[in-house]
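# Reading the structure
Listed below are the residues making up each chain.
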Amino acid sequence: MERLPPDTITEREITSFQEDGAICLRAVFCQKWVDLLRKGIEHNRLHPSEKTKRKGHSPLFFHDYDNWEDIPEYKEFLLHSPVAEVAGRLSRSAKIALYSNHVIVKDSGSTVETPWHQDQAYYEVDGQQVCSVWLPVDPLTEHTCLRLAKGSHKSPNYFKPVHFNGPLFSPYEIKPGKEEQAKEFLSPDFDGNDQYQILSWNMEPGDCIVFHMKTVHSAHGNNLQTPHRAFSTRWLGDDAVKGERPWMNLPPSTQMNGLVKGDKLVDSGSFPVVWNV
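Residues numbered from 1 in each chain as written. Predicted model: local features only at pLDDT ≥ 70, side-chain atom pairs only at ≥ 80, totals over all residues. Heavy atoms only, no water.

Two strands in a sheet stick together by hydrogen bonds in their backbones, pointing the same way (parallel) or opposite ways (antiparallel). Strands sit in the order 4-10-7-8 across an open sheet of four strands; the sheet is antiparallel. Each edge of the sheet is formed by a strand with only one pairing partner; in this case those strands are strand 4 (114-117) and strand 8 (198-199). Note that strand 4 and strand 10 (residues 217-219) share two bridges and pair antiparallel. Directly across from H117, in strand 10, lies its bridge partner H217. (Pairing = 2+ DSSP bridges. Helix = DSSP H or I, 4+ residues; strand = E, 2+ residues; numbered from the N terminus.)

So, about the nonpolar core. Counting 38 residues, the largest nonpolar core has L25, F77, L90, V210 and W235 as the members making the most contacts within it. Counting 24 residues, the second-largest nonpolar core is a separate cluster that includes Y99, V130, V162 and L265. (Core = buried A, V, L, I, M, F, W, Y, C linked by side-chain atoms within 4.5 Å. Buried < 20%, exposed > 50% of the residue type's maximum accessible area, 1.4 Å probe, protein only.)

In this section: the pattern of salt bridges. All chains considered together, the criterion is met by 15 salt bridges. The salt bridge involving D107 is made with R45; its shortest N-O contact spans 2.7 Å. Placement of the pair is D107 in the loop between strand 3 (95-106) and strand 4 and R45 in helix 2 (residues 31-46), with a sequence separation of 62 residues. Overall, the relative accessible area of 26% leaves R45 in the partly exposed class. Counted as one network, the salt bridges with shared partners bring together E42, D138 and R229. (Salt bridge = Lys/Arg side-chain N within 4 Å of Asp/Glu carboxyl O.)

Bringing helix 2 into the picture now. A rise of 1.5 Å per residue sets the reference length of helix 2, with its 16 residues, at 22 Å; its end C-alpha atoms lie 23 Å apart and thus fit the reference within 8%. Every buried residue of helix 2 is accounted for by W33, V34, L36, L37, G40, I41 and N44. Projected onto a plane normal to the axis of helix 2, the buried residues spread over an arc of 160° and lie on a single side. Across helix 2 from its buried face, at more than 90 degrees, point the exposed residues K32, K39 and L46. Check the buried side of helix 2 and you find it contacts strand 2 (61-65), helix 4 (72-80), strand 3, strand 6 (130-136) and strand 11 (228-236). (Expected span 1.5 Å × (residues − 1). Arc of directions from axis to C-beta. Contact = heavy atoms within 4.5 Å.)

With respect to the helices and strands, the residue D119 is situated in helix 6 (residues 119-122). A polar side-chain atom of D119 sits 3.4 Å from a polar atom in the side chain of H117. At a separation of 2.6 Å, a polar atom in the side chain of D119 contacts the side chain of S132. Residues contacting D119, with those up to four places away along its chain left out, are S132, F211, M213, H217 and R234. (Polar contact = N/O pair within 3.5 Å; in protein donor to acceptor, adjacent residues only side chain to side chain.)

Our focus in this paragraph is the packing of aromatic side chains. According to the stated counting rule, one finds nine aromatic pairs in the structure shown. Residues F77 and F231 carry aromatic rings whose centres are separated by 5.8 Å and whose planes lie at 90° to one another, so their mutual orientation is edge-to-face. With F77 in helix 4 and F231 in strand 11, this residue pair connects regions lying 154 residues apart in the sequence. Summarising the burial analysis for this pair, F77 and F231 share the class buried. With centroids separated by 4.8 Å and ring planes inclined at 50°, the aromatic side chains of Y99 and Y123 adopt a geometry described as tilted. With a gap of 24 residues between them, Y99 in strand 3 and Y123 in the loop between helix 6 and strand 5 (125-126) connect regions that are remote in the sequence. This pair shows no difference in class: Y99 is buried, exactly as Y123 is. (Phe/Tyr/Trp six-rings, centres within 6.5 Å; stacked < 30°, edge-to-face > 60°.)

The analysis is restricted to geometry; functional conclusions fall outside its scope.
Right, here's the structure in full:
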């Protein structure tokens, strides 16, 4: 595995990540890794997984997930690039395990908005040492970059997730008997809420955004002349445990089979431990 130079992530940056719930790191990944992901993403578009085939996608919008074992370029990046070390060091975790991957492509002219959501709300994962690493392989402006609500990871709530299926985002199906509980998890309007500062950056390939899996985030459509291709990964640290949600979780993780609420995930043997101190 390629290791980060010692001064790549400073203690100040770790503290900033812990406090804000998100940070942009510059030039973390060399051109080799960017080119590898570009190749993997283009292969993925030509060979979408069954999950994407079932969901469908527009000509200008594509996303697929949890398919890293089927695409050699994704697997090489996840197991041999510094991405796991980035997640582990910012999370202050002695071990870091891979939960899943997600690729999103918005071609030039795509008007599809990514809705405000928390990654962690979609998964039956509890804990504070959990994060996502979001890496664009194309230059982005602040408008086309990910938008994150600063400090929103400190909310005690998981906000009810919605599907990524166009402007009328349909809510997730509620589990039988959990209807009243689910009412407590409605997301506020972050676009019209002065309580939160929205973080966004101009980004170049090789930069990445790391954010707590509970940080609320969204994205606009793509008004650039170039595509917007991003590879996102989700990571589990030392305190991550099996949780429960009142709605159906997606993607359903077969790795959770046999685990019960409160079971530690990193030491379960169900998720590959990619980095340790």
